[in-house]
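What the coordinates show
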Amino acid sequence: MCTKWQAWAWLLCRSRSGGVEFESVHTYLNIQLTMEIVIQLPESNECEPGKLYRKSSYVNVHEGLQSLRNNEVFCDIKLKTEDNKIINAHKVVLSAASPYFNAMFTHFAERNHELVLIPQIDSAALQLLVDFIYSGDIIVTKKNVQDLLAAANILQLQEVKKACCDFLQSQLCPTNCISINAIADFYSCMKLIRNSELYIYQHFSEVFGGDEFLSLSSEQVIKLISSDKLVVPSEEKVFESVIRWVKYELGSRKSILPQLMEHVRLALTSKNYILKNVAEDPLIRNCFKCNHYVNEALNLLLLKEHLPQSIWDKPRHGDKVILVVGGMQTGLSSSAEYYDPKTNQFHFGPSSIRDRRRHGVVAINNNLIFDVGGYVSSLTTFPSVEVLDLSSESPCWKPGVDMLVKRSDLGVGVINNNIYAVGGFNHIDSFLSSAEVFDHRIQEWQMISDMTSTRSNFSVGVLNDLLYVVGGHNHSSLTTNTVEYYNPITDMWTPIANMCEGRNFSGVGALYGELYVVGGCNIAMFLKSVEKYTPSTGVWTTIADMHLPRINPVVTLDGLLYAVGGRNETGILDSMEFYNPHTNTWTMVKATMINKQILQGIVAINRPLNFPTNQRI
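From a predicted model like this one, the values you see are computed outputs, not experimental measurements. (Residues numbered from 1 in each chain as written. Predicted model: local features only at pLDDT ≥ 70, side-chain atom pairs only at ≥ 80, totals over all residues. Heavy atoms only, no water.)

1. Here we look at the packing of helix α6 (residues 123–135) against helix α7 (residues 145–155)
Running from N to C, α6 and α7 cross one another at 60°; their axes reach a closest spacing of 9 Å. When the axes of α6 and α7 are compared, the pair comes out oblique. Pair α6 / α7 crosses with right-handed handedness. Only Asp147, Leu148, Ala151, Ala152 and Leu155 of α7 make contact with α6, whose side of the interface consists of Ala125, Leu126, Leu128 and Leu129. Residue composition of the contact of α6 with α7, grouped by class: eight nonpolar, no polar and one charged. (Axes fitted to C-alpha atoms, helices over the stretch in contact; angles between N-to-C directions. Helix = DSSP H or I, 4+ residues; strand = E, 2+ residues; numbered from the N terminus. Parallel < 35°, antiparallel > 145°, perpendicular 65-115°, else oblique. Left-handed = near helix turned anticlockwise from the far one by under 90°. Contact = heavy atoms within 4.5 Å. Nonpolar A, V, L, I, M, F, W, Y, C, P; charged D, E, K, R; others polar.)

Printed below as a string of structure tokens:
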């Protein structure tokens, strides 16, 4: 008796030699089936489910389909481009991948055609997209990205469209961001529209010097220069951009100048700049309406301390998020997260190099974040600094220049892009009165005058280019209500009026020319009280309490004061609330932090293009 495999071999040899012929493949298979060995599986009384086996890879399927197409096997459609290039394919494969082809081959006359003209699509791009449908691979380059995006948009190949948008985003620079934004708008690529607009806002000082800026319409220029999201080192840059744009086509644009000048916040410049650079410009001097804006700005500068802030002297803040770095959860943490007020959500951020708490976090040049000092325990106080460059393609923390003195529980602040690190604690000198400054231009720390007393667990705020240190404790007092400020010009510390209440670990922020001190604790209790200092009167006044008592850092964002995380008698908090100075009210934020945090660093930063956007998991 021959076995199944012997029968297979005999039939195969006979068929190849011509000795056996079959009417059809079905006849051949019927013979084979009669030779099958029947295997009896043991019966089971229980109903057992079958087991799913899934193909691990579809590479061989892709290769098989591609081979059939290359050899023109079963091909039932020819795609013809306007330059007469012919591309062979299978209707069923194209229909499965593309809604465009699916509609064409099911609902329209082309379903009965063997040759179809594909207009408005570049032949090279169509060839790449058909190859992608069969292979799953495509290479996007500077040369083909626009043609691929146009073709993918027509064929509704969303994966390729996204790949093109991701590529264009990776190519953003000051010389092409406006044209990339226009491309994104034309093809309704919403993510690329947002990110290219954000890039333009954040790099405006470089963008307005390029040729693309000069081609913008007056409506587009007004949209840019009227936005609070605009990031500029000074309002002078906005004025210079307006004059450059108008002069490029002076004949047609001169009449638009008053509309543009309405959105230049001249009161954010200096009196000297207005008189020498603005008022003396021939275009401004010969325009009655523009002269009105000049006089209005000069009056605002003269009466600045006595008038409420208006749009004419409202600082531009960029499109910002709140970054929370390090601190302590159940243990120490190097984690980071950021809060996006637009979506009211927290996202994970890039973790720092080492665990830190009781440290300070500040930002300079709109894109460099410095994490300064801190400790793991009282015996491991750090002089180290870490830096996060938000402008890099993949932002990550890197070692910076160490301070001259080890410090934890310190205060940090920024004036004119110089970082000030003051006071604090270390295990060598205990409580500190010393202070130092980091000059970013030369990458060096230098000692400055000591504070009038030692301080630890205090807070720092910057107002009118003065560095205020608030509360804390020292050798003689566990909690103090004293306040002093440092003037970088004179290198001198000056005491001011005491707060209404002594505070440790409070939060400090500056809004609309006033200094706010939030929460904290004293010997007896955690505090939810808040007070503010008005420099013109030299007086502290109490304002509305927070909803919760907490020790915490605070940060200002879009004219609001945010208290984030912290701790009170119930434990470590993951909640957040904000204060509106116009209504004198606190509002709880619905979003909660990913991690409960205490003694963390916090700073408002320009929205990064390349931050991760994953939320809690």
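2. What about the packing of helix α9 (residues 177–186) against helix α10 (residues 190–202)?
It is the contact of α9 with α10, at a shortest axis distance of 9 Å, that shows an interaxial angle of 160°. Classified by the angle between their axes, α9 and α10 sit roughly antiparallel to one another. For the pair α9 and α10, the sense of crossing is left-handed. Facing Cys177, Ile178, Ile180, Asn181, Ala184 and Asp185 of α9, the residues of α10 in contact are Leu192, Ile193, Ser196, Glu197, Tyr199 and Ile200. Within the contact of α9 with α10, the residues separate by chemical class into eight nonpolar, two polar and two charged.

3. Focus on the pattern of salt bridges
Per the counting criterion, the structure on display carries 13 salt bridges. Among the salt bridges present, the one from glutamate 531 reaches arginine 503, with a minimum N-O distance of 2.9 Å. You can see glutamate 531 sitting in strand β21 (residues 530–534) and its partner arginine 503 sitting in the loop between β18 (492–496) and β19 (507–511), a full 28 residues away along the chain. Accessibility classification places glutamate 531 together with arginine 503 in one group, the buried group. (Salt bridge = Lys/Arg side-chain N within 4 Å of Asp/Glu carboxyl O. Buried < 20%, exposed > 50% of the residue type's maximum accessible area, 1.4 Å probe, protein only.)

4. Section: unusual backbone geometry
Look at glutamine 156: it is not a glycine, yet its phi comes out positive at around 60°. Judged by its relative accessible area of 37%, glutamine 156 is partly exposed. Phi at aspartate 558 is positive, roughly 55°, even though this residue is not glycine. Note on placement: aspartate 558 falls in the loop between β23 (554–557) and β24 (560–564).

5. Points about the packing of aromatic side chains
Throughout the structure, instances matching the rule amount to 20 aromatic pairs. Both rings, one in tyrosine 533 and one in tryptophan 540, keep their centres 5.1 Å apart while their planes meet at 40°; by these two values the pair is tilted. Assigned by exposure class, tyrosine 533 and tryptophan 540 land together as buried. By the ring-pair criterion, three or more aromatic residues cluster together here, those being Tyr339, Phe346, Tyr562 and Phe578. The ring centre of tyrosine 134 lies 4.7 Å from the NZ or CZ of arginine 69, which sits over that ring. (Phe/Tyr/Trp six-rings, centres within 6.5 Å; stacked < 30°, edge-to-face > 60°. Lys NZ or Arg CZ within 6 Å of the ring centre and 35° of its normal.)

6. A closer look at the pairing of β19
The element β19 is extensively covered by neighbouring structure, given that four of its five residues are classed as buried. Sheet topology places β19 next to strand β20 (residues 514–518); five bridges connect them, and they run antiparallel. Considered in β20, the bridge of alanine 510 is made with leucine 515. (Pairing = 2+ DSSP bridges.)

7. Some words on helix α17 (residues 271–278)
If you check which residues of α17 are buried, you get Tyr273, Ile274 and Val278. The buried residues of α17 all sit within an arc of 100° when viewed along its axis, so they share a single face. Turned more than 90 degrees from where α17 packs its buried face, Lys271 and Lys276 sit exposed. Lining the buried residues of α17 we find α14 (236–248), α18 (282–285) and α19 (288–302). (Arc of directions from axis to C-beta.)

8. A closer look at the environment of glutamate 531
Given a relative accessible area of 1%, glutamate 531 falls into the buried group. Between the C-alpha atom of glutamate 531 and that of tyrosine 516, which follows or precedes it by 15 residues, the distance is 5.9 Å. Ignoring sequence-local partners within four residues, the contact set of glutamate 531 consists of Met499, Cys500, Glu501, Arg503, Leu515, Tyr516, Val517, Trp540, Thr541, Thr542 and Ile543. Polar contacts involving the side chain of glutamate 531 include one to the main-chain amide nitrogen of cysteine 500, which spans 2.7 Å. (Polar contact = N/O pair within 3.5 Å; in protein donor to acceptor, adjacent residues only side chain to side chain.)

9. Things to note about the sheet that holds strand β2 (residues 86–89)
Spatially, the three strands line up as an open sheet ordered β2-β1-β3, and their pairing is mixed. Where the open sheet ends on each side, the last strands, each with one partner, are β2 and β3 (115–117). Across the sheet, the mean angle from the axis of one strand to that of its neighbour is 25°, orientation sign disregarded. For strand β1 (residues 77–80) and β3, the ladder comprises three bridges, and the chain directions are parallel. Opposite leucine 79, over in β3, you have valine 116 as the bridge partner. Relative to the sheet, α6 contacts β1 and β2, its axis offset from that of β2 by approximately 15°.

10. With respect to the environment of alanine 510
With respect to the helices and strands, the residue alanine 510 is situated in strand β19. In this structure, the C-alpha to C-alpha distance between alanine 510 and valine 555, residues 45 residues apart in sequence, is 8.7 Å. Once residues within four sequence positions are removed from consideration, alanine 510 is found in contact with Val462, Leu463, Leu515 and Thr556.

11. Overview of the side chain of threonine 534
Residue placement: threonine 534 occurs in strand β21. Ignoring sequence-local partners within four residues, the contact set of threonine 534 consists of Glu514 and Val539.

12. Structural notes on the pairing of strand β13 (residues 430–439)
Counting buried positions along β13 gives nine out of 10 residues, so the element sits mostly inside the fold. Two elements, strand β12 (residues 418–426) and β13, share eight bridges in a ladder whose sense is antiparallel. Bridging across to β13, asparagine 426 finds its partner in serine 430. The pairing of β13 with strand β14 (residues 444–448) spans five bridges and is antiparallel. When the bridges of β14 are listed, valine 437 appears paired with glutamine 446. The loop that links β13 with its antiparallel partner β14 comprises four residues; one of these, glutamine 443, has a positive phi angle of about 55°.

13. Some thoughts on the sheet that holds strand β4 (residues 320–325)
Read from one edge to the other, the open sheet built from four strands follows the order β6-β5-β4-β29, with strand pairing classed as antiparallel. Edge strands, defined here as strands with exactly one partner in the open sheet, are β6 (345–349) and β29 (601–606). Across the sheet, the mean angle from the axis of one strand to that of its neighbour is 30°, orientation sign disregarded. When β4 meets strand β5 (residues 336–340), the two strands line up antiparallel, connected through four bridges. Across the sheet, valine 325 pairs through a bridge with alanine 336, a residue of β5.

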